[in-house]
Amino acid sequence: MILQDERKQKALLYTTLVAGCMATINTSTVNIALPTFIEIFHTDLSTAQWLMIGYMLALGIVMPMVGYFGERYSYRRMYLTALLFMAVFALGCALSCNIGMLILFRILKGLAAGFILPCTMTLLYRYIPREKQASFLGLSVTFSSLGVTIGPSISGFLLTFFNWHSLFLVNLPLIAAAYLLARSSIPQEAGVHKERLDLKGMALMALGTVSILIGFTEVEDWGWSSPLFWACLVLGVGLITAFVRLESRSSEPLLNFKVLQYRPFAVTAVVTAAVNITFTITPLLMAVYLQTIQGYTAFAAGLIMLVPSAVMVLATSLARKLIRHFSNKQLILTGLGLAACGNFMMHFAQMDSALWFIIPMLSLRFFGVGLLNMPLTDYGMRELPPELAGHGSSMLNWCKQIASVIWLSMLTALLTISTRLFQQSGIEAMQASMSGVNTVFFTLAAALAIIWAGAWVLFQHSR
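These lines cover the structure that appears in this document, whether it is placed above or below. (Residues numbered from 1 in each chain as written. Predicted model: local features only at pLDDT ≥ 70, side-chain atom pairs only at ≥ 80, totals over all residues. Heavy atoms only, no water.)

1. Quick look at the overall build of the chain
Within the chain, the regular secondary structure consists of 21 helices and 0 strands. Counting the 463 residues in the chain, one finds 59% classified as buried. Put simply, 84% of the contacts in the chain that link residues at least 6 apart link residues at least 24 apart. Working note: accessible area of the chain is about 18300 Å², and carbon and sulfur atoms make up 68% of it. (Helix = DSSP H or I, 4+ residues; strand = E, 2+ residues; numbered from the N terminus. Buried < 20%, exposed > 50% of the residue type's maximum accessible area, 1.4 Å probe, protein only. Contact = heavy atoms within 4.5 Å. Areas by Shrake-Rupley, 256 points an atom, 1.4 Å probe, with all protein chains shown as cover.)

So this is what it looks like as structure tokens:
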């Protein structure tokens, strides 16, 4: 049902803006606070990182169900319910008394957020006229980037002048605003599905996703040749394969794989999952570099990250204007190239590198990411009919979350292993950490260069 009333269109846009900003703030405020949680709860990095991994794991489990639940119960009902649960679990995080309890509520919060994040894209492509979709998506991505921009600064400010509980309490006003906006803007629709929930498909998808993600999150402790790792990987791939076959034959699938029949969308899904390599490790990498190695406080580190993140917002806004003169493909490839260059230059960073070097190189990296975000999403989503928008959004976000945890686990393992090897070679501990950070930045640059080449080939074979 396309909205014709411009006031309702704008109200729906505002809903996605608040929700997108809230989601990225929720992620970035916690990620940069990992060193603080390690100190407060007397734990280690392998445990604290579950505040990130557990959240992404929950997102990955839930996101494939969004299209099904949205059509069966209506996107309005699902969205409002998820916001209420997100508020409850945010409060649970704030009241946690140990790291285990905090991780549990972060996972539950991730389950609720998993229903919200895909909806911010789905609502635009389902209810907004086609000629306005790219512009509205650009604004939505800009506000999501704004969350990345202010999240580290908010985190540093709250940790410096208040306490860690406030990191979660700050979510509540944004959730309340998103809820009120959603009630007044999302159209009332009746659910269309009559069949019962496909519990078999849900079990296959959830267990397969969890098996793959746990395998990669534990690979650092188990080892790449461990039977446990390969058992998780083989089991997960087998279950996901069975899930795909089951859903492909279903008349009312939990996750509609027909969206992959649209070639531009399939290309977008592949490139999105690959590009996510540069998103996942950034919070942890910069926390180690700025706080542990260079000795900045969480607040100062947040302020330093404010400039590159602001550049990403500007790049996203610029992409909305450039898309009138350049194709999605051109902007995507340009963004990938700039991001690769920024990562390559950052691998020359040293323990005493000045901010005049760090900030411009990070800004170049973030500018590239901001430039490609909106064109990449629009390239695939605009090819789908409105009735498949929910499933398309779910598919993109599912691929993104699985890729996020895999990349995060692999790059975290690379950071830890390379640092350990440098120490064993006789290098002082802090310099070994710096060498480990440089190794990861170089790996990111090389990976993005390969992704650029792959994207160029894929674009040549898609219209």
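2. Focus on helix H4 (residues 50-62)
A rise of 1.5 Å per residue sets the reference length of H4, with its 13 residues, at 18 Å; its end C-alpha atoms lie 17 Å apart and thus fit the reference within 8%. Here H4 lies mainly inside the structure; 13 of its 13 residues are buried. (Expected span 1.5 Å × (residues − 1).)

3. Some details on the nonpolar core
Ranked by size, the top nonpolar core spans 138 residues in total, and within it Phe 37, Leu 102, Phe 168, Tyr 289, Trp 398 and Val 437 carry the most contacts. It is helix H7 (residues 99-127) that provides the largest number of residues to this core, a total of 14 residues. Once you skip the residues sitting within four places of it in the chain, Phe 37 turns out to touch Val 30, His 42, Thr 43, Leu 51, Leu 102, Trp 164, Leu 167 and Phe 168. (Core = buried A, V, L, I, M, F, W, Y, C linked by side-chain atoms within 4.5 Å.)

4. A closer look at helix H5 (residues 66-73)
Of all 8 residues that make up H5, 7 are buried, and the element is covered over most of its length. For H5, the set of buried residues is Val 66, Gly 67, Tyr 68, Phe 69, Gly 70, Glu 71 and Arg 72.

5. Concerning the side chain of Arg 76
Positionally, Arg 76 belongs in helix H6 (residues 75-94). Arg 76 gets classed as buried once you look at its relative accessible area, which sits at 12%.

6. Some points on a nonpolar patch on the surface
Taken together, the side chains of Trp 224, Met 410, Ile 417 and Leu 421 present a nonpolar region at the surface, about 340 Å² in accessible area. Within the secondary structure, Met 410 sits in helix H20 (residues 389-424). With relative accessibility at 31%, the residue Met 410 sits in the partly exposed group. (Patch = residues over 30% accessible without salt bridge, like charges linked within 9 Å, V, L, I, M, F, W, Y side chains within 5 Å. Salt bridge = Lys/Arg side-chain N within 4 Å of Asp/Glu carboxyl O.)

7. Observations concerning the layout of surface pockets
Size it by volume and the second largest pocket reaches roughly 240 Å³. Around the second largest pocket sit Phe 69, Tyr 73, Arg 77, Met 78, Thr 81, Ala 82, Phe 85, Phe 89, Leu 108, Leu 111, Ala 112 and Phe 115, which together line it. At the level of secondary structure, the elements contributing two or more residues to the lining of the second largest pocket comprise H5, H6 and H7. Top contributing element to the lining of the second largest pocket by residue count: H6, with 6 residues. Residue composition of the lining of the second largest pocket, by class: 10 nonpolar, 1 polar and 1 charged. (1 Å grid on protein atoms, 1.4 Å probe; cavity = no way out; pocket = protein on both sides within 12 Å on 5 of 7 lines; lining within 4 Å. Points joined across faces, edges and corners; volume = space filled by probe spheres on them. Nonpolar A, V, L, I, M, F, W, Y, C, P; charged D, E, K, R; others polar.)

8. Digging into the packing of aromatic side chains
Each aromatic ring pair is characterised by the separation of its centres together with the angle its planes make. Evaluated as defined, the whole model comprises 9 aromatic pairs. Consider the rings of Phe 344 and Phe 348, whose centres lie 5.4 Å apart with planes at 90°: the pair is edge-to-face. On the accessibility criterion, Phe 348 (44% relative accessible area) is partly exposed. Among the aromatic side chains, those forming a connected cluster through ring pairs are Phe 37, Phe 41, Trp 164 and Phe 168. When the ring centre of Tyr 55 is taken as reference, the NZ or CZ atom of Arg 106 above it lies at 4.2 Å. (Phe/Tyr/Trp six-rings, centres within 6.5 Å; stacked < 30°, edge-to-face > 60°. Lys NZ or Arg CZ within 6 Å of the ring centre and 35° of its normal.)

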